[in-house]
Amino acid sequence: MAKNVIWDPKKETMSRDEIHEIQSRELRNVTKRVYDNVPFYRQKMDAIGVKPEDIQEAEDIQKLPFTEKSDLRDNYPFGLFAVPREQIVRVHASSGTTGKPTVAGYTQQDLDTWADLMARSMSCAGITKDSVVHVAYGYGLFTGGLGAHYGAERIGATVVPASGGNTQRQLMLIRDFGATALACTPSYAMNLADAMEKNGMDMSEIKLEAGVFGAEPWSEHMRDQLEKRLHIRAHDVYGLTEMMGPGVAMDCVERNGLHVWEDHFLPEIIDEDLKGVPYGTEGELVITTLTKQGMPLLRYRTHDISSLDIRPCACGRTHVRMKRVKARTDDMLIIRGVNVFPSQIEHSLLKIQGIAPQYQIVVDRKGSLDTIEVQVELDRTLIGDTVRDLEALSARIAAQLASDVLISCQVKLCQPGSLPRSEGKAKRVIDNRK
Ligand code: DLL
């Protein structure tokens with residue numbers, strides 16, 4: 001097993017009582033901060049008759065209003081900042097699928113906290129000052145590149161700020177600079193693995209040991225594949241622009257859930273009626289930023305589906321673990337009345353031999369009937385197989401999907417390398433009904 005590196009033992013292994021005390025204190029502070037400085041929150045709290053004095057303990061969070069993505073859009077661009085614009089030293093934004101981007105503003109203190117939390121997170125993957133970290137997340141408004149960059153620098157590692165794109169050059173840099181850790185989306189890591197195989201790269205020249213992968217849902221099967229193909233330990237890092245960026249949570253050597261850095265974030269899981277659910281129950285993840293200065297958010301609805309696990313972790317960290325995010329509530333497709341998550345389709349496909357983990361889901365409507373086509377690439381080793389073999393493979397995939405996902409899908413087998421590749425987050429679903 002990999003070495004258990006803890007960046008900040010004092011903060012990462014403190015007792016649950018200490019965590020509770022910090023959370024209660026910081027929740028009091030942040031509630032007062034937003035009530036005094038953000039008109040949006042003052043109005044929201046006044047509307048439900050809650051005053052900052054009503055918030056004393058962490059449990060009082062349930063009295064506070066939720067924040068939605070649409071609230072950020074309505075207050076675009078800087079309406080939710082809690083400090084004068086001159087104190088904001090950086091902005092990031094996430095593109096979103098429709099309309100205006102979601103904007104986040106950081107004070108110098110926020111950037112400092114972020115670097116620390118990314119240092120904690122990357123240490124979970126065994127990264128130390130001796131590591132060479134190749135960052136292939138996009139740099140720019142997207143938080144992935146700069147987030148990973150400052151975290152690795154804080155650790156004292158050698159950072160290669162490659163950013164996204166130009167896969168051939170990335171491979172050359174990974175080999176020639178002796179990268180020991182790779183930070184990018186899991187789908188891009190898969191593209192790099194494909195390209196290494198296609199180029200016939202000598203894997204003994206590649207020194208990679210760890211991957212810091214996130215920004216999109218990925219499965220345990222995908223983790224297995226990435227570990228085998230890149231000869232690494234693949235770790236899951238979670239985060240979102242609204243909270244900060246990557247580094248809200250990260251899985252440790254145990255890889256049995258992601259530790260949420262609870263001295264800075266207060267996570268909750270809610271059900272469809274917006275009520276809190278017990279530990280272990282799945283629902284929507286809601287997060288409150290406890291220490292952010294630039295743009296603190298109360299009870300932000302992430303729409304990511306997860307659950308929380310409070311049981312002690314063998315790594316020694318005491319911070320609660322969230323289950324890896326397999327899907328978002330708004331990713332759910334309703335096909336002929338059946339709820340389908342793209343991650344279920346991925347999970348099903350990865351069980352089948354002979355296909356590559358590259359797929360796209362095309363949803364359409366013919367007359368009044370929804371149709372779903374799953375396009376999936378053939379494994380390179382199958383090129384030259386007969387039409388009959390391919391028909392049998394197609395039928396096997398359709399049967400597996402019907403049994404796992406409970407709907408009939410058309411299956412289209414595609415040539416290796418023919419489906420569009422992304423350099424950042426993969427676009428798995430094309431829904432032509434919209
Ligand atoms: O994706 C921040 C990030 C960058 C995280 C690099 C990890 C690594 P946004 O672009 O705002 O921020 O997208 C946030 O991406 O609500 C999830 O739906 C999804 N997401 C992020 N990390 C994971 C993960 C960045 N590890 C949205 N697993 C979130 C599953 C993830 N989904």
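Criteria and cut-off values
Residues numbered from 1 in each chain as written. Predicted model: local features only at pLDDT ≥ 70, side-chain atom pairs only at ≥ 80, totals over all residues. Heavy atoms only, no water. Helix = DSSP H or I, 4+ residues; strand = E, 2+ residues; numbered from the N terminus. Polar contact = N/O pair within 3.5 Å; in protein donor to acceptor, adjacent residues only side chain to side chain. Contact = heavy atoms within 4.5 Å. Core = buried A, V, L, I, M, F, W, Y, C linked by side-chain atoms within 4.5 Å. Buried < 20%, exposed > 50% of the residue type's maximum accessible area, 1.4 Å probe, protein only. Near = heavy atom within 4 Å. Areas by Shrake-Rupley, 256 points an atom, 1.4 Å probe, with all protein chains shown as cover. Axes fitted to C-alpha atoms, helices over the stretch in contact; angles between N-to-C directions. Parallel < 35°, antiparallel > 145°, perpendicular 65-115°, else oblique. Nonpolar A, V, L, I, M, F, W, Y, C, P; charged D, E, K, R; others polar. Pairing = 2+ DSSP bridges. Phe/Tyr/Trp six-rings, centres within 6.5 Å; stacked < 30°, edge-to-face > 60°. Lys NZ or Arg CZ within 6 Å of the ring centre and 35° of its normal.

Draft legend 1. Spotlight on the side chain of Arg 317. Summarising the element assignment, Arg 317 is placed in the loop between β13 (308-309) and β14 (321-322). A polar atom in the side chain of Arg 317 sits 2.8 Å from the backbone oxygen of Val 5. Within the structure, the side chain of Arg 317 is placed 2.8 Å from the side chain of Glu 12, a separation counted as a polar contact. For Arg 317, the residues in contact, after removing those within four places along its chain, are Asn 4, Val 5, Ile 6, Glu 12, Thr 13, Cys 124, Cys 252, His 259 and Trp 261.

Draft legend 2. Seen up close, the nonpolar core. With 68 residues, the main nonpolar core has Tyr 238, Met 243 and Met 322 as its most contacted residues. Once you skip the residues sitting within four places of it in the chain, Tyr 238 turns out to touch Gly 245, Pro 246, Gly 247, Val 248, Ala 249, Leu 258, Leu 285, Ile 287, Thr 302, Asp 304, Met 322 and Val 325. The next biggest cluster of nonpolar side chains, apart from the first, holds 24 residues, and it includes Ala 136, Ala 179, Met 222 and Leu 226.

Draft legend 3. Molecular detail of the site of the ligand. The environment of the ligand is made up of 21 residues, and the closest members are Asp 236, Val 237, Thr 241, Asp 304 and Lys 425. Pro 217 places a polar main-chain atom, nitrogen or oxygen, 3.5 Å from a nitrogen atom of the ligand. At a separation of 2.6 Å, an oxygen atom of the ligand approaches a polar side-chain atom of Asp 304. Across the complex, the protein chains shield 94% of the 610 Å² of accessible surface that the ligand would expose by itself. When contributions to the shell around the ligand are tallied by element, the ones reaching two or more residues are α6 (143-155) and β7 (233-240). Per element, the largest residue contribution to the shell around the ligand is five residues, and it comes from β7.

Draft legend 4. Representation of the packing of helix α7 (residues 167-176) against helix α8 (residues 186-198) in the model. α8 packs onto α7 with a crossing angle of 80 degrees between their chain directions and a minimal axis gap of 10 Å. Classified by the angle between their axes, α7 and α8 sit roughly perpendicular to one another. Residues Thr 167, Gln 170, Leu 171 and Ile 174 of α7 form the contact with α8, whose own contacting residues are Tyr 188, Leu 192, Ala 195 and Met 196. Of the residues assigned to the contact of α7 with α8, the class counts are six nonpolar, two polar and no charged.

Draft legend 5. The arrangement of the sheet that holds strand β18 (residues 369-378) in detail. The strand order β19-β18-β17-β20 describes an open sheet built from four strands, whose pairing is mixed. Edge positions in the sheet fall to β19 (410-414) and β20 (429-431), since each has one partner strand and no second. Neighbour-to-neighbour, the strand axes of the sheet open up by a mean angle of 20 degrees, direction not taken into account. Direction of pairing for β18 relative to β19: parallel, over a ladder of five bridges.

Draft legend 6. Local environment of the packing of aromatic side chains. One pass over the full model with this rule turns up five aromatic pairs. Between Phe 78 and Phe 81, the aromatic rings sit 4.8 Å apart at their centres with planes inclined by 20 degrees, giving stacked as the arrangement. The exposure class assigned to Phe 81 is buried, which follows from its relative accessible area of 7%. Cation over ring: Arg 299 sits above Phe 66, and NZ or CZ is 4.2 Å from the ring centre. In this structure, Arg 324 packs its charged tip against the face of Trp 218, placed 4.6 Å from the ring centre.

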